[in-house]
Amino acid sequence: MDVLARLIAELGDAVTADPARLAAVRTDESGFLADGTPLALVEAQGVEDVQATLRLANEAGIGVVARGAGTGLAAGAVGDQGVIVLSVAKMNRIIEIDPANELAVVEPGVINADLDAALAPYGLWYAPDPASKAISSIGGNIATNAGGLLCAKYGVTREAVLGLKVVLADGRLLETGHRTVKGVTGYDLTALFVGSEGTLGVVVEATVRVLPRPGGDVVTIGAFFPEVRQAALASSAVVVARLRPAVMELLDGQALEAIREYLGDELIRDAMGPATGDGFLLVQFDESPAAEKVLHAVELLEQAGGQTRVSTDAATGEQLLGIRRAFHAAPAARGQVLIEDVSVPRSRLADAFDAIAAVSAQYGVRIPTAAHAGDGNLHPNFVLDGGAITPTVRAAADALFRAALALGGTLTGEHGVGILKRHHLIDELGPDSYALQRQVKAVFDPRGILNPGKVFETTQ
Ligand SMILES: Cc1cc2nc3c(=O)[nH]c(=O)nc-3n(C[C@H](O)[C@H](O)[C@H](O)COP(=O)(O)OP(=O)(O)OC[C@H]3O[C@@H](n4cnc5c(N)ncnc54)[C@H](O)[C@@H]3O)c2cc1C
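Now for a description of the structure that goes with this document. (Residues numbered from 1 in each chain as written. Predicted model: local features only at pLDDT ≥ 70, side-chain atom pairs only at ≥ 80, totals over all residues. Heavy atoms only, no water.)

### Some details on the nonpolar core
Alright, step 1. Counting 50 residues, the largest nonpolar core has L250, L281, L301, F353, L378 and F382 as the members making the most contacts within it.
Alright, step 2. Mapped onto this core, the elements with two or more residues apiece are β12 (219-225), α8 (228-240), β13 (247-252), β14 (279-285), α11 (291-303), α14 (349-363), β19 (377-383) and α15 (391-406).
Alright, step 3. Looking at this core element by element, the count peaks at seven residues for α15.
Alright, step 4. Here L250 is in contact with V228, A231, A232, S235, F280, L281, L349, F353, T369, A370, A371 and A373, once residues within four sequence places are set aside.
Alright, step 5. Counting 26 residues, the second largest nonpolar core, distinct from the first, contains Y154, L251, L321 and I323. (Core = buried A, V, L, I, M, F, W, Y, C linked by side-chain atoms within 4.5 Å. Buried < 20%, exposed > 50% of the residue type's maximum accessible area, 1.4 Å probe, protein only. Helix = DSSP H or I, 4+ residues; strand = E, 2+ residues; numbered from the N terminus. Contact = heavy atoms within 4.5 Å.)

### A few points about the packing of aromatic side chains
Alright, step 1. Applying the stated criterion to the full structure yields four aromatic pairs.
Alright, step 2. Seen in terms of ring centroids, F193 and F444 are 5.4 Å apart; in terms of plane orientation they differ by 85°. Their pairing is edge-to-face. Within this pair, whereas F193 is found in helix α7 (residues 189-193), its partner F444 is found in helix α16 (residues 425-444), the two being separated by 251 residues in sequence. (Phe/Tyr/Trp six-rings, centres within 6.5 Å; stacked < 30°, edge-to-face > 60°.)

### Regarding empty space enclosed by the protein
Alright, step 1. By the definition in use, this model includes two cavities of 30 Å³ or more.
Alright, step 2. Estimated volume of the largest cavity: approximately 50 Å³.
Alright, step 3. Together, L73, A74, I339, E340, D341, H415, G416, V417, L420 and K421 line the largest cavity.
Alright, step 4. In terms of residue class, the lining of the largest cavity is made up of five nonpolar, two polar and three charged.
Alright, step 5. Sorting the residues of the lining of the second largest cavity by element identifies α14 and α15 as the ones contributing at least two each.
Alright, step 6. A breakdown of the residues in the lining of the second largest cavity according to their chemical character gives 10 nonpolar, no polar and no charged. (1 Å grid on protein atoms, 1.4 Å probe; cavity = no way out; pocket = protein on both sides within 12 Å on 5 of 7 lines; lining within 4 Å. Points joined across faces, edges and corners; volume = space filled by probe spheres on them. Nonpolar A, V, L, I, M, F, W, Y, C, P; charged D, E, K, R; others polar.)

### Some words on the pairing of strand β2 (residues 40-43)
Alright, step 1. Across the two faces of β2 the burial is the same, with A40 and V42 and L41 and E43 all buried.
Alright, step 2. One ladder, built from two bridges, connects strand β1 (residues 15-16) with β2; its direction is antiparallel. Following the sheet pairing, T16 is matched in β2 by L41.
Alright, step 3. Pairing analysis gives four bridges linking β2 to strand β4 (residues 84-87), with the strands arranged parallel. Its bridge partner lying in β4, A40 is registered against I84. (Pairing = 2+ DSSP bridges.)

### Here's the deal with the site of the ligand
Alright, step 1. Residues in close proximity to the ligand total 35 residues, the closest being A66, G68, T71, S132 and S137.
Alright, step 2. Interatomic distance of 2.6 Å between a backbone N/O atom of A66 and an oxygen atom of the ligand.
Alright, step 3. Measuring from an oxygen atom of the ligand, one finds a backbone N or O atom of G140 at 3.4 Å.
Alright, step 4. When the ligand is considered free in solution it has 970 Å² of accessible area, and contact with the protein chains removes 96% of it.
Alright, step 5. Of all elements in the fold, only β3 (64-67), α5 (138-144) and β10 (202-209) reach the threshold of two or more residues within the shell around the ligand.
Alright, step 6. Counting residues per element, the shell around the ligand draws most heavily on α5, which supplies five residues.
Alright, step 7. Grouping the amino acids of the shell around the ligand by side-chain chemistry returns 12 nonpolar, 19 polar and four charged. (Near = heavy atom within 4 Å. Polar contact = N/O pair within 3.5 Å; in protein donor to acceptor, adjacent residues only side chain to side chain. Areas by Shrake-Rupley, 256 points an atom, 1.4 Å probe, with all protein chains shown as cover.)

### Brief notes about the sheet that holds β2
Alright, step 1. Across the sheet, which stays open at both edges, the four strands sit in the order β1-β2-β4-β3 with mixed pairing between neighbours. Looking along the sheet, the strands with just one partner apiece sit at the ends: β1 and β3.
Alright, step 2. In this sheet, β4 lies alongside β3 in parallel orientation, the contact comprising four bridges. Within β4, the position partnered with V64 by the bridge is I84.

### Examining the side chain of S343
Alright, step 1. Tracing the chain through its elements places S343 in strand β17 (residues 342-343).
Alright, step 2. Engagement of the side chain of S343 in a polar contact is seen with the side chain of N377, the distance being 3.5 Å.
Alright, step 3. Those residues within four positions of S343 in sequence are excluded, and the remaining contacts are G376, N377, G409, T410 and G413.

Distances and angles like these do not, on their own, reveal function.
Have a look at this one:
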């Protein structure tokens, strides 16, 4: 059967095989480039387009790669030889905001920040806040169970998803979950789809929980430490003291060096004064924190060796956060990087930084690192001196994954497995869980057409 001709006959202008458009979906923000070229790009306008695409692909046994905004960092939305890339970016309507039940119903292509802006007039807020919130889609956030800066206090995407509409591999439309606060009928298929990276179905609608917008004043503490280990120990001390900041972010010396070069020294001096060091911790409390809480945090940071600066005005707080926000752009401005994403128990954060230093020294690779210290999620950026991921960089990244697992951590805190981490999946899951997960995949997708080669290696 000529699948492309049938796609065009059924979906018309929504289908393109333009080489430039196909080339663009061979990659995502991970920088991974697929060897082959997809058969077609379908830009779905509605649920029926998604159903028609999947029906046809299932019949023909052709792979379908769901794609949101393409900002993923695990190569999950990358289209390889002969597959159909199914973009839901144009399905971007906010269908309903229901203040009485504190929920919103959205199509998957809605950009995270756009939902948040639409909620603001109601005094409501969508809490999941990946650093990519201005460019990533709710569907992609759900498919990767995205995290962000506020997770330790407000949770990750999974906590915000009440129900889904999902098109299954054979084109059937499935509804999961509920609009109620509680609901425990049957297995929790909603939770199963969250984080499934397009391997179990294509999300075409989401009912999400929204929260009252946090009010009151924001207090931000910036602290420089002589060594990153001290900054990490200070963050663990804040956790142990149950102070529950909204944001707690950490930068190591190499990250600071890149950010200094990128933002300019004055900007950091403006926000932090003359203090400097090889570790920077930013702690932000929202909702007008009690003065004792702030003082307690300052005391803990200083006991750990930090030079602190407290800001009670929102503008300086933003300036301090701006130092952290520059982390993605700063190392990238110096050349290409492999952005990694491991998580460790929060009490092991200092050990994780030791492990990064050891891997960096052993393999001779620079690894500037930022961490969402409030939840133990680290983003080591491997600097690619020649612009490509060499076997040495790959070996260094593998050594780091092993170190994270040995610390009781996990291969990925928020970016997902995609292609880049699939060869390590069995190491973390173990053979029984791995086999069960493959069986679950086969129940939802018997012909293996949904995002083939992602999460699980096709050969295993
Ligand atoms: C500068 C920058 C900062 C970032 N910061 C963060 C961060 O703080 N936290 C974080 O978690 N991530 C972060 N990311 C990574 C990325 O933004 C997230 O993974 C995001 O959730 C991906 O959304 P997307 O719409 O771009 O999805 P895509 O990249 O298009 O897809 C990602 C995965 O989801 C699947 N998918 C997409 N839409 C659907 C759908 N409707 N149904 C089923 N499967 C689907 C794809 O097949 C793929 O496997 C960052 C990325 C960048 C570039």
